[in-house]
Amino acid sequence: MAEAGQSDVAKRDRIVRRVARELRDGFYVNLGIGMPTLIANHVPVGMDVVPYPLESEVDPDLINAGKETVSVLPGTSFFSSAESFAMIRGGHIDLSILGAMEVDEQGSLANWMIPGKVVKGMGGAMDLVASARRVIVAMEHTTRDGHPKILRRCTLPLTGFGVMQTIATEMAWIEVTAEGLVLEEIAEGLTVGDVQAATEARLIVSPGLKVMQ
């Protein structure tokens, strides 16, 4: 399989570059903690989005939800959690991009806790998946020990049921439909069999299946 031995950095880079192509001018976008925050560094040419700062631009007073330093542009607005959740719950977020520990063929995702382990809380994930106009899950296709993360049914406590529209991994681009999970794009060097072998849920192969750019 072409993915064998590929570094975590290379996998994440492929995922975030592909997801960044879904951004549009004028969108209000939420980037979840972890891998999704990297998408800001791969915004398509012609779109005006704030990237990660260079070391010379770091301001220790400006951090994101992942406790990372960020930069701002003229026109940036700072607001409270109350206003943030009003925007989310009011349906004003065009696109929410989140990581996940599990997803399933019903469009459900689990990304906030593993039973028996200490958790800091669910944050705003449940509100985001319930209220954003579109939800994309960006994650590695399997766990570190090779078990599928795209399942028939999630086994971990759900963040949301039937809430996501797209799954992006280093192996594939998958759309969630009423008929099931449709394999729309596949990483170069892989076969449909490779992707299905790493996926518990049944994949429907799109007639227009293409190589993921």
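Scroll up for the structure.
Here we summarise the structure given alongside this text. No experiment lies behind these values; they were computed from the predicted model shown.

## What to know about the pattern of salt bridges
Okay, so step 1: The full count for this structure, using the stated rule, is 10 salt bridges.
Okay, so step 2: Here D8 makes a salt bridge to R144, at a shortest N to O gap of 3.1 Å. Here D8 is found in helix α1 (residues 8-20), whereas its partner R144 is found in the loop between β5 (135-138) and β6 (150-151), with 136 residues between them in sequence.
Okay, so step 3: Relative accessible area serves as the criterion here: at 29%, D8 is assigned to the partly exposed category.
Okay, so step 4: You can call R144 exposed: its relative accessible area is 73%.
Okay, so step 5: Here R134 and E22 are joined by a salt bridge, their closest N and O atoms 2.9 Å apart. Placement of the pair is R134 in the loop between α3 (125-131) and β5 and E22 in the loop between α1 and β1 (29-31), with a sequence separation of 112 residues.

## Details of the sheet that holds strand β3 (residues 102-104)
Okay, so step 1: Read across the sheet, 3 strands follow the order β4-β3-β6 without closing on themselves; strand pairing throughout is mixed. The outermost strands of the open sheet, each flanked by one partner alone, are β4 (109-110) and β6.
Okay, so step 2: In this structure, β3 lies alongside β6, joined through 2 bridges in parallel fashion. By the bridge assignment, D104 is partnered in β6 with L151.

## Quick word on the environment of F27
Okay, so step 1: Examined against the element boundaries, F27 turns out to sit in the loop between α1 and β1.
Okay, so step 2: In the structure, F27 is positioned 67 residues away from D94 in sequence and 5.7 Å away in space, judged by C-alpha atoms.

## Here's the deal with the pairing of strand β8 (residues 172-177)
Okay, so step 1: Bridging between strand β7 (residues 166-168) and β8 involves 3 bridges; their strand directions are antiparallel. Note on β8: the bridge partner recorded for I167 is I174.
Okay, so step 2: Adjacent in sequence and paired antiparallel, β7 and β8 are bridged by 3 residues.
Okay, so step 3: Judged from the 6 bridges that link them, β8 and strand β9 (residues 180-186) form a sheet pairing that is antiparallel. Within the sheet, the bridge partner assigned to V176 lies in β9 and is L181.

Analysis parameters
- Residues numbered from 1 in each chain as written.
- Predicted model: local features only at pLDDT ≥ 70, side-chain atom pairs only at ≥ 80, totals over all residues.
- Heavy atoms only, no water.
- Salt bridge = Lys/Arg side-chain N within 4 Å of Asp/Glu carboxyl O.
- Helix = DSSP H or I, 4+ residues; strand = E, 2+ residues; numbered from the N terminus.
- Buried < 20%, exposed > 50% of the residue type's maximum accessible area, 1.4 Å probe, protein only.
- Pairing = 2+ DSSP bridges.

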